[in-house]
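Spelled out, the chains give:
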Amino acid sequence: MKFNIAVLPGDGIGPEVIEQSIEIIMAVGEKYGHKFILTEAKLGGCAIDAYGEPLPSETLELCKNSDAVLLGAVGGYKWDTLPGNKRPEAGLLGIRAGLGLFANLRPAVIYNSLKDASPLRSDIVKDGIDIMVVRELTGGMYFGDRGRKQTNDMGQAAYDTEMYSEFEVERIVRLAFETAMKRKKLLTSVDKANVLESSRLWREVVLKVSADYPEVTLNHMYVDNAAMQLIRNPMQFDVMVTTNMFGDILSDEASMITGSIGMLPSASLGKGTLGLYEPIHGSAPDIAGQDKANPIATILSVAMMMKYSFGLDQIASDIESAVCKVLDKGYRTGDIASPGSNVIGTKMMGCLIKNELLAL
Ligand code: NAD
């Protein structure tokens, strides 16, 4: 099969981790006989330097006309003093909105050989952790009506509005049920229905959609309890689905219990198969250009691309197996190293994973 991939390396360590991911995509093409046509474009700080804006229209057009988008990371000290809507990160919001990506999928996985990296006790993570957080990405409080007003007696007041339509809830919840169907068929919907009206509607829609997925075991959990349960017993979760704001917080919490930001991929999906795939970490300007960045989060984002945009599930799990094999042999980048481990750089990590993949 033939696929067009838009590649946006971005800033800082972005180009370094993308370089290794391209090697993996090329290896996949060679091993499995698919053709990948990669076209690079600028997003973030490098786009500000070249075009004066973080998301040039050429970049958005290219992405819209591709089968998938692979993104490194954006941002850096150089652009830190620009106003909010001119900063590199504004390009990220723009591209997600421009491509209509309403769902963010973030797996939080602890690999057997990296259990020591988790801040949780070993008896809590003994059988590993494998959670998929499905976060609504284009609605809720981050996009709702907001403002300030002056009150007579209490000074300024400010408000942000949490509003969800049945349509918005249904599309993300369906995607979460579909995701659960491909995993352990266990879905936890997280809300605050004991307090918020928007959560009560959320729960009603979840219950309605659940009738179409009788094989999936559904449970509802209040967000405060979910935050606690993620620390107390993370192994109870398979797929979690929640709103934009709750998902923002819970997906960061879930990722931290796995121990390293350099290991975690993400996918942002919309209505069709076009998706945007990126590591959850930023551009790490403190280590940029030093061959120290862990490329695994981006390589695992390629695995998600194979699965969710191209339907190549076997290739996705082969990439994951290649990563596991390299970790099992004791190779580590600095961010996941422990005393006695064999510390290697970005390029070598990419090369070892590629060799394992080709040898499978
Ligand atoms: P960051 O994720 O870039 O870095 C946090 C820490 O983790 C740093 O110490 C860094 O060296 C380390 N780190 C991150 N990724 C790593 C990797 N792959 N391998 C090894 N170590 C890694 O977060 P930050 O420092 O808060 O932000 C830096 C810049 O990135 C800022 O401009 C920020 O706005 C931007 N940012 C971009 C994105 C994105 O592009 N999606 C996300 C978050 C932050």
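Residues numbered from 1 in each chain as written. Predicted model: local features only at pLDDT ≥ 70, side-chain atom pairs only at ≥ 80, totals over all residues. Heavy atoms only, no water.

### Some points on the overall build of the protein chain
And then number 1: Secondary structure summary: the protein chain contains 11 helices and 14 strands in total.
And then number 2: The C-alpha atoms of the protein chain give 21 Å as radius of gyration, which agrees with the globular expectation for 360 residues (21 Å, within 12%).
And then number 3: Dimensions of the protein chain along its principal axes, counting C-alpha atoms only, are 65 × 50 × 45 Å.
And then number 4: Contacts in the protein chain between residues at least 24 apart in sequence constitute 75% of all its contacts with a sequence separation of at least 6.
And then number 5: By element, 53% of the accessible surface of the protein chain is carried by carbon and sulfur atoms, the whole surface being about 15900 Å². (Helix = DSSP H or I, 4+ residues; strand = E, 2+ residues; numbered from the N terminus. Rg over C-alpha atoms; globule rule 2.2 N^0.38 Å. Contact = heavy atoms within 4.5 Å. Areas by Shrake-Rupley, 256 points an atom, 1.4 Å probe, with all protein chains shown as cover.)

### Structural notes on the sheet that holds strand β8 (residues 186-191)
And then number 1: Judged by pairing direction, the sheet is mixed, and its 10 strands sit side by side in the order β2-β1-β3-β12-β11-β4-β5-β10-β8-β9 without closing on themselves. In the strand order of this sheet, the two ends are held by β2 (35-40) and β9 (217-222), each with one partner. Strand after strand, the sheet turns through a mean of 25° between neighbouring axes, direction not considered.
And then number 2: Sheet topology places strand β1 (residues 2-10) next to β2; six bridges connect them, and they run parallel. Pairing of Asn 4 across the sheet is with Ile 37, part of β2.
And then number 3: Packing against the sheet, helix α8 (residues 244-256) makes contact with β4 (103-109), β5 (130-136), β8 and β10 (239-242), and its axis sits at approximately 155° to β5. (Pairing = 2+ DSSP bridges. Axes fitted to C-alpha atoms, helices over the stretch in contact; angles between N-to-C directions.)

### Describing the layout of surface pockets
And then number 1: In this model, the largest pocket occupies a volume close to 660 Å³.
And then number 2: In this structure, the largest pocket is lined by 27 residues; those nearest its centre are Leu 92, Arg 96, Arg 106, Arg 135 and Glu 278.
And then number 3: Of all the elements in the fold, those that place two or more residues in the lining of the largest pocket are β3 (68-73), α4 (88-98), β4, α8 and β12 (275-279).
And then number 4: Its residues assigned to classes, the lining of the largest pocket shows 12 nonpolar, eight polar and seven charged.
And then number 5: For the second largest pocket, the calculated volume is near 410 Å³.
And then number 6: Taken together, 20 residues form the lining of the second largest pocket, with Pro 107, Val 109, Asp 130, Arg 183 and Glu 320 sitting closest to its centre.
And then number 7: Within the residue set of the lining of the second largest pocket, elements represented by two or more residues are β4, β5, α9 (296-308) and α10 (313-328).
And then number 8: Here the lining of the second largest pocket is built from residues that sort into 13 nonpolar, no polar and seven charged. (1 Å grid on protein atoms, 1.4 Å probe; cavity = no way out; pocket = protein on both sides within 12 Å on 5 of 7 lines; lining within 4 Å. Points joined across faces, edges and corners; volume = space filled by probe spheres on them. Nonpolar A, V, L, I, M, F, W, Y, C, P; charged D, E, K, R; others polar.)

### Some points on the packing of helix α7 (residues 223-232) against α8
And then number 1: Contact geometry for α7 and α8: axes closest at 10 Å, N-to-C directions at 10°. When the axis of α7 is compared with that of α8, the two are roughly parallel. Between α7, through Val 223, Ala 226, Ala 227, Leu 230 and Ile 231, and α8, the contact on the second element is made entirely by Phe 246, Leu 250, Glu 253 and Ala 254.
And then number 2: Split by residue class, the contact of α7 with α8 holds eight nonpolar, no polar and one charged. (Parallel < 35°, antiparallel > 145°, perpendicular 65-115°, else oblique.)

### Things to note about the state of the cysteines
And then number 1: Applying the stated criterion across every chain yields a total of zero disulfides.
And then number 2: No disulfide involves Cys 46; its sulfur sits 12 Å from the nearest other cysteine sulfur, which is in Cys 63.
And then number 3: No disulfide involves Cys 324; its nearest neighbouring cysteine sulfur is the one of Cys 351, lying 18 Å away. (Disulfide = S-S within 2.5 Å.)

### Examining the domain arrangement of the protein chain
And then number 1: Domain annotation for the protein chain reports domain 1 (1-110 + 257-360) and domain 2 (130-256).
And then number 2: For domain 1 and domain 2, the distance between their C-alpha centres works out to 26 Å.
And then number 3: Listed by partner, the interface residues are 19 residues for domain 1 and 22 residues for domain 2.
And then number 4: Of all residues in domain 1, the largest losses of buried area upon contact with domain 2 belong to Phe 102, Arg 106 and Ile 257, amounting jointly to 43% of the total for that side.
And then number 5: One salt bridge in this structure joins Arg 106 and Asp 252, with 3.1 Å as the shortest N-O distance.
And then number 6: Linking domain 1 to domain 2 there are 11 residue pairs in polar contact (both at pLDDT 80 or more).
And then number 7: Elements supplying a minimum of two residues to the side of domain 1 that touches domain 2: β4, β11 (265-269) and α9.
And then number 8: Element by element, the count of residues in the side of domain 1 that touches domain 2 is highest for β4, at seven residues.
And then number 9: Each residue belonging to the side of domain 1 that touches domain 2 can be placed in one class, and the counts come to 13 nonpolar, four polar and two charged. (Domains from an automatic or database assignment. Buried area = accessible area lost by both parts, 1.4 Å probe. Salt bridge = Lys/Arg side-chain N within 4 Å of Asp/Glu carboxyl O. Polar contact = N/O pair within 3.5 Å; in protein donor to acceptor, adjacent residues only side chain to side chain.)

### Some details on the pattern of salt bridges
And then number 1: All told, the structure shown has 18 salt bridges when counted by the stated rule.
And then number 2: Ionic pairing is found between Arg 183 and Asp 130, a salt bridge with its closest N-O pair at 3.3 Å. Highlighted residues: Arg 183 in the loop between α5 (166-181) and β8 and Asp 130 in strand β5, separated in sequence by 53 residues.
And then number 3: Since its relative accessible area comes to 22%, Arg 183 is described here as partly exposed.
And then number 4: The salt bridge involving Asp 224 is made with Lys 192; its shortest N-O contact spans 3.1 Å. Note that Asp 224 is positioned in helix α7 and Lys 192 in the loop between β8 and α6 (197-210), a separation of 32 residues in sequence. (Buried < 20%, exposed > 50% of the residue type's maximum accessible area, 1.4 Å probe, protein only.)

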